[in-house]
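Spelled out from the first residue to the last, the chains are:
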Amino acid sequence: MGIIRNLAAHVGVIRQTLLRNHKRITMSRRLHARRLDGVDKNVWVEFTQLAADYKPVNLGQGFPDFSPPQFIQEAFCEAVKGGPEMHQYTRAFGHPRLVKSLAKFFSRIVGHEIDPFEDILVTVGAYQALFCAFQALIDEGDEVIIVEPFFDCYQPMVLMAKGKAVYVPLRPREGSSVLSSGDWVLSAEELASKVTPRTKAIVINTPNNPLGKVYKREELQMIADLCIKHDLLCFTDEVYEWLTYDGAKHVKIASLPGMWERTITVGSAGKSFSATGWKVGWAMGSGHVIKHLKVIHQNSVYHCATAAQEAVACGFEREYELFGTPESYFQQLPAVLHNKRRKLASCLQSVGLQPIMPEGGYFMITDVSSVKVDLNDHGTKDESYDFKFVKWLVKEKGLATIPVSAFFSPEHSKEFDKYIRFCFVKEDSTLDAAENILRKWSQTK
Ligand SMILES: Cc1ncc(COP(=O)(O)O)c(C=O)c1O
């Protein structure tokens, strides 16, 4: 059965390649723009296609395989039935009801009165908010410090803005057991040593994808002090802000003294309400910074889907009222995920793997160097170990994960190419199916 499935998948891949090649045009001069050089590879494109071809149990890409909560689904249905204006363009920089609800909601958290029309830009997911930030604020030759591991799109976005990415890795604290993401820390000296007169911004992601690290207030203060001392911007990707476990607390760096004016906070309704396909996100910060992101937005996407924004607005209005109570979805989702996190961790441990327990987010990484497999027939010769391993796992065992070296710079990826990432925002039945695969396999070893 497995052989037939593999064969069918291989035939599908060959057919698609033939179809693609058939349509090629020839030009006497270079076809693609130079800004595409070095940014064409994308881990999501590659591994989403692999999952589509082989139909594995999918703990790869970060999206829930369960429905969003009832209230947000109903809000979407209501929006669609809400009259002609719900189907037409709305305000380009964010539907008025949404920017008002976001401003009201986050003013309380940031401790700063957020202006709905000046300080917020609604975007096509957090992805577009990041793109607008890099395009609007990074110039040719500017250096951008990125803390590793990082969500992979930061690097190509810096390159497309003609900036230079400079990397600082989180490292396991000396003498630590390394079994919690909290054991991975940023060296203040190393970070400071990367700042040059060309440095324009520092990029952080908390809770972090893929490690699950939730930056502590002191760590954020250290980054904030550096930003203020050297007059730097801070891009902070907080799409998993509600997902923290075991008492870890998410702190917004924008709420620290002196940081509101220089911080662009990126958020995602897709991650907040388990509706990643809606692609509603935002960039938030001082109006004097956000106005530049609006220029990129107005000259590219211009506008985001009205009904989805209306529904997200309803979601935030509800969450404002229920904030901190057990009825709040921002309390319920982490509670559900807390159990799934434990379930996945004990499954991995039971087959002899040592996962790094995430303090936040919905991913867990584990070192697979103890697993002995022959990867000769998987991936290309110069491909890193984890890429080959993940391909092998999909094709031979029917389980999709993501290689962790994709979240590191070329200079540090070798140090982390024995780790793979599992996503646990999945139905228990999906996690059970993954467990079955791992157990069966561990018994045959
Ligand atoms: C850290 C991080 N930032 C941004 C995004 C993109 O979010 P969105 O789907 O809202 O564009 C993701 C998606 O996985 C992510 O993990």
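Residues numbered from 1 in each chain as written. Predicted model: local features only at pLDDT ≥ 70, side-chain atom pairs only at ≥ 80, totals over all residues.

Trainee: Now, about the overall build of the chain: what can you tell me, with residues and values included?
Mentor: Helix and strand content of the chain: 14 helices and 15 strands. Once the C-alpha set of the chain is aligned to its principal axes, its extents read approximately 60 × 60 × 55 Å. Across the 445 residues of the chain, 43% fall into the buried class. At a minimum sequence separation of 6, the contacts of the chain that also span at least 24 residues come to 71%. (Helix = DSSP H or I, 4+ residues; strand = E, 2+ residues; numbered from the N terminus. Buried ≥ 20, exposed ≤ 12 C-beta atoms within 10 Å, placed from the backbone. Contact = placed C-beta atoms within 7 Å.)

Trainee: Outline the sheet that holds strand S15 (residues 419-423), supporting the account with residue identities and numerical values.
Mentor: Pairing in this open sheet of four strands is antiparallel, and the strands run S11-S12-S15-S14 from one edge to the other. Among the strands making up the open sheet, the edge pair consists of strand S11 (354-356) and strand S14 (402-403). Two elements, S11 and strand S12 (residues 363-367), share three bridges in a ladder whose sense is antiparallel. Bridge pairing links Gln354 to Asp367 in S12. Contacts from helix H12 (residues 329-350) reach S11, S12 and S15, with the element oriented near 15° to S12. (Pairing = 2+ DSSP bridges. Axes fitted to C-alpha atoms, helices over the stretch in contact; angles between N-to-C directions.)

Trainee: Pulling in residues and values, what's your account of helix H2 (residues 43-54)?
Mentor: The terminal C-alpha atoms of H2, which comprises 12 residues, lie 16 Å apart, in line with the 16 Å expected from a rise of 1.5 Å per residue. The first or second residue beyond H2 is Lys55, which carries a positive phi of 45°. (Expected span 1.5 Å × (residues − 1).)

Trainee: A description of the packing of helix H5 (residues 125-137) against helix H10 (residues 287-298) should follow, citing residues and the corresponding values.
Mentor: Axis separation between H5 and H10 bottoms out at 8 Å; the angle between their running directions is 110°. Taken together, the axis directions place H5 and H10 in an arrangement best described as roughly perpendicular. Mapping the contact onto sequence places Cys132, Ala133, Gln135, Ala136 and Leu137 in H5 and His292, Leu293, Val295, Ile296 and His297 in H10. Residue classes in the contact of H5 with H10 are distributed as seven nonpolar, three polar and no charged. (Parallel < 35°, antiparallel > 145°, perpendicular 65-115°, else oblique. Nonpolar A, V, L, I, M, F, W, Y, C, P; charged D, E, K, R; others polar.)

Trainee: Hey, could you go over the site of the ligand for me, with residue numbers and the actual values?
Mentor: Neighbouring the ligand are 14 residues, the closest being Gly125, Ala126, Tyr127, Phe151 and Ser268. Tallying contributions element by element places H5 first for the shell around the ligand, with three residues. Across the shell around the ligand, the residue classes break down as four nonpolar, eight polar and two charged. (Near = placed C-beta within 6 Å.)

Trainee: For the pairing of S15, give the residues involved together with the corresponding values.
Mentor: If a strand is regular, its side chains alternate between the two faces of the sheet. The element S15 is largely enclosed, with a buried count of five among its five residues. What you see with S15 is no split at all: Tyr419, Arg421 and Cys423 on one side and Ile420 and Phe422 on the other are buried throughout.

Trainee: Give me the lowdown on unusual backbone geometry, citing residues and values where you can.
Mentor: If a residue is not glycine, its phi is most likely negative; likewise, a peptide bond is most likely trans. With omega at -5°, the peptide bond leading from Glu148 into Pro149 counts as cis. Take Pro149: it is sitting in the loop between strand S3 (143-148) and helix H6 (154-160). A cis amide bond links Thr206 to the next residue, Pro207, at an omega of -10°. Mapped onto the elements, Pro207 comes out in the loop between strand S7 (199-205) and helix H8 (217-230). Residues other than glycine seldom take positive phi values, yet Asp231 does so here, at roughly 55°. Along the chain, Asp231 turns up in the loop between H8 and strand S8 (233-237).

Trainee: Go over the domain arrangement of the chain with me, naming the residues and quoting the values.
Mentor: Looking at the assigned domains, one finds that the chain contains domain 1 (2-67 + 329-444) and domain 2 (70-322). Taking only C-alpha atoms into account, the centre of domain 1 sits 25 Å from that of domain 2. Contacts between domain 1 and domain 2 engage 34 residues on the former and 37 residues on the latter. Tallied by class, residues from the side of domain 1 that touches domain 2 come to 20 nonpolar, nine polar and five charged. (Domains from an automatic or database assignment.)

Trainee: Please set out the nonpolar core residue by residue, giving values where relevant.
Mentor: Formed by 123 residues in total, the largest nonpolar core has its most connected members in Ile120, Leu121, Ala133, Val203, Cys234 and Ala283. Per-element accounting of this core gives the leading share, nine residues, to H5. Looking at this core, you find at least three residues from each of domain 1 (2-67 + 329-444) and domain 2 (70-322). Once residues within four sequence positions are removed from consideration, Ala133 is found in contact with Phe235, Ile264, Ala283 and Leu293. (Core = buried A, V, L, I, M, F, W, Y, C linked by C-beta atoms within 7 Å.)

Trainee: A description of the environment of Leu102 should follow, citing residues and the corresponding values.
Mentor: Tracing the sequence through the fold places Leu102 in helix H4 (residues 96-110). The exposure class assigned to Leu102 is buried, which follows from the 24 C-beta atoms found within 10 Å. A sequence separation of 115 residues divides Leu102 from Arg217, and the C-alpha atoms of the two residues are 23 Å apart. Non-local contacts of Leu102, meaning those with residues more than four positions away in its chain, are made with Ile120, Trp282 and Phe316.

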